[in-house]
Amino acid sequence: EEAKKILTDLKLEVNVVEDEDTSKSDGVVLKQSVVPGTSVEEGSAITITVNKIEKNKQGTVNINVKALANRHLPKSHGMYSFFSLFAKSSDEEDDNTTTTSNNVKITVMVGSDKVYSQKVSRDTEKLNVTVEGKGNITVKVYIANEDESSNGILAKNATIDLNSENTVLNVD
């Protein structure tokens, strides 16, 4: 605004264009159509490019962990443990099923950034994760057994338009 006022006070026609350069402060002039120090006639048109840094916006990823776990990581029920068949002590309970943890690991990525990675109960029906960025962001939701070191299985890969009114992604 200050640059525009100075130029209009000099009786020049000013066009303002916005661009984003995160290495410079918001509102500074990034470039101009006339080389600095050049003389121009009154009424000449000059275009200045002003830095306009877009603010991050937020969205929500609603994850139905229970549905994802049932689809991608089914529990193993009634499977006999090889070790328990042959190495049971006399005071152990007679339970030949393998125990499975009730926790899974959920990882949420925005682009290449990991924004959430936690162990949660596989029975969780509503896990809300806040994501942020500018414009369209790519969100990936992974599910894994709680002891896996990798992100696990890609359960959802979607784009959220953070400029729209609906910034919610449902994953189930």
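Look up: the structure comes first, before these words.
Caption draft 1: Examining unusual backbone geometry more closely. Positive phi values are uncommon outside glycine, yet Lys-11 reaches one of about 60 degrees. Structurally, the position occupied by Lys-11 is in the loop between α1 (2-9) and β1 (13-19).

Caption draft 2: Examining the sheet that holds strand β3 (residues 45-51) more closely. Taking strand neighbours across the sheet as the criterion, the three strands line up as β1-β3-β2 in an open arrangement whose pairing is mixed. Of all the strands in the sheet, the pair left with one neighbour each is β1 and β2 (29-32). When strand polarity is set aside, the average angle formed by the axes of neighbouring strands in this sheet is 25 degrees. Relative to β3, β1 is paired through seven bridges, and the arrangement is parallel.

Caption draft 3: Quick look at the pattern of salt bridges. Taken as a whole and judged by the stated rule, the model has four salt bridges. When the shortest N-O distance is used, the salt bridge between Lys-5 and Asp-9 registers 2.9 Å. With Lys-5 and Asp-9 both in helix α1 and four residues apart, the pair spans about one turn of that helix. Note that Glu-125 and Lys-66 form a salt bridge whose closest N and O atoms lie 3.7 Å from each other.

Caption draft 4: Spotlight on the sheet that holds strand β7 (residues 127-133). An order of β7-β4-β10 is seen for the three strands of this open sheet, with the pairing classed as mixed. The open sheet has two edge strands, β7 and β10 (168-171), and neither has a second partner. Averaged over all neighbouring strand pairs, the angle between strand axes comes to 20 degrees, with direction disregarded. Pairing of strand β4 (residues 57-63) with β10, which is carried by four bridges, proceeds in the parallel orientation.

Caption draft 5: View of the nonpolar core. The biggest cluster of nonpolar side chains holds 24 residues, and the ones touching the most others in it are Val-61, Ile-63, Ile-106, Val-108, Val-139 and Val-141. Among the secondary structure elements, those contributing two or more residues to this core are β4, α2 (65-72), β5 (103-110), β6 (113-121), β7, β8 (136-145), β9 (153-161) and β10. When residues no more than four places from it in sequence are discounted, the contact partners of Val-141 are Val-61, Ile-63, Leu-68, Ile-106, Thr-107, Val-108, Ile-153, Leu-154, Ala-155, Lys-156 and Val-171. Ranked by size, the runner-up nonpolar core spans seven residues in total, among them Val-14, Val-34, Ile-46 and Val-50.

Caption draft 6: Broad picture of the side chain of Asn-62. Residue placement: Asn-62 occurs in strand β4. Look at Asn-62 and you get buried, because its relative accessible area is 16%. Polar contacts involving the side chain of Asn-62 include one to the side chain of Asn-170, which spans 3.1 Å. In this structure Asn-62 touches Lys-126, Leu-127, Asn-128, Val-168, Leu-169, Asn-170 and Val-171, once residues within four positions along its chain are discounted.

Caption draft 7: The arrangement of the environment of Val-171 in detail. Structurally, the position occupied by Val-171 is in strand β10. The spatial distance from the C-alpha of Val-171 to the C-alpha of Ala-67 is 8.9 Å, given a sequence separation of 104 residues. Look past the residues within four positions of Val-171 in its chain and what remains in contact with it is Val-61, Asn-62, Ile-63, Asn-64, Leu-68, Val-141 and Lys-156.

Caption draft 8: How the structure looks around the pairing of β7. Side chains Leu-127, Val-129, Val-131 and Gly-133 of β7 all project onto a buried face; the interleaved residues Asn-128, Thr-130 and Glu-132 project onto a face where none is buried. Two strands pair when backbone bridges link them, and β4 and β7 are joined in this way by seven bridges, in the antiparallel orientation. In the sheet register, Gly-59 faces β7, and the bridge partner there is Val-131.

Basis of the calculations
Think of each chain on its own: its residues are numbered from 1, step by step along the sequence as written. Local features are withheld for residues below a pLDDT of 70 in this predicted model, meaning they are given only at 70 or higher, and side-chain atom pairs are given and counted only at 80 or more; totals for whole chains, interfaces and linings count all residues. Each side-chain value is worked out from all heavy atoms of the structure, with water and hydrogens disregarded. Put simply, DSSP marks the helices as runs of H or I at least four residues long and the strands as runs of E at least two long, and each gets a number from the N terminus on. When DSSP finds two or more bridges between a pair of strands, those strands are recorded as paired. To obtain an axis, a line is fitted to C-alpha atoms, over the contacting stretch when the element is a helix, and the angle between two such axes runs from 0 to 180 degrees between their N-to-C directions. A pairing counts as a salt bridge when a side-chain nitrogen of Lys or Arg comes within 4 Å of a carboxyl oxygen of Asp or Glu. We define a nonpolar core as any set of buried Ala, Val, Leu, Ile, Met, Phe, Trp, Tyr and Cys residues linked to one another through side-chain atoms lying within 4.5 Å. Working definition: with a 1.4 Å probe on protein chains only, accessible area under 20% of the residue-type maximum means buried, over 50% means exposed, and in between means partly exposed. Any pair of residues with heavy atoms lying within 4.5 Å of one another is described as a contacting pair. Within 3.5 Å is the distance limit for a polar contact, defined as a pair of N or O atoms, with the added protein rule that one can donate a hydrogen and the other accept it, and that residues adjacent in sequence qualify only through two side-chain atoms.

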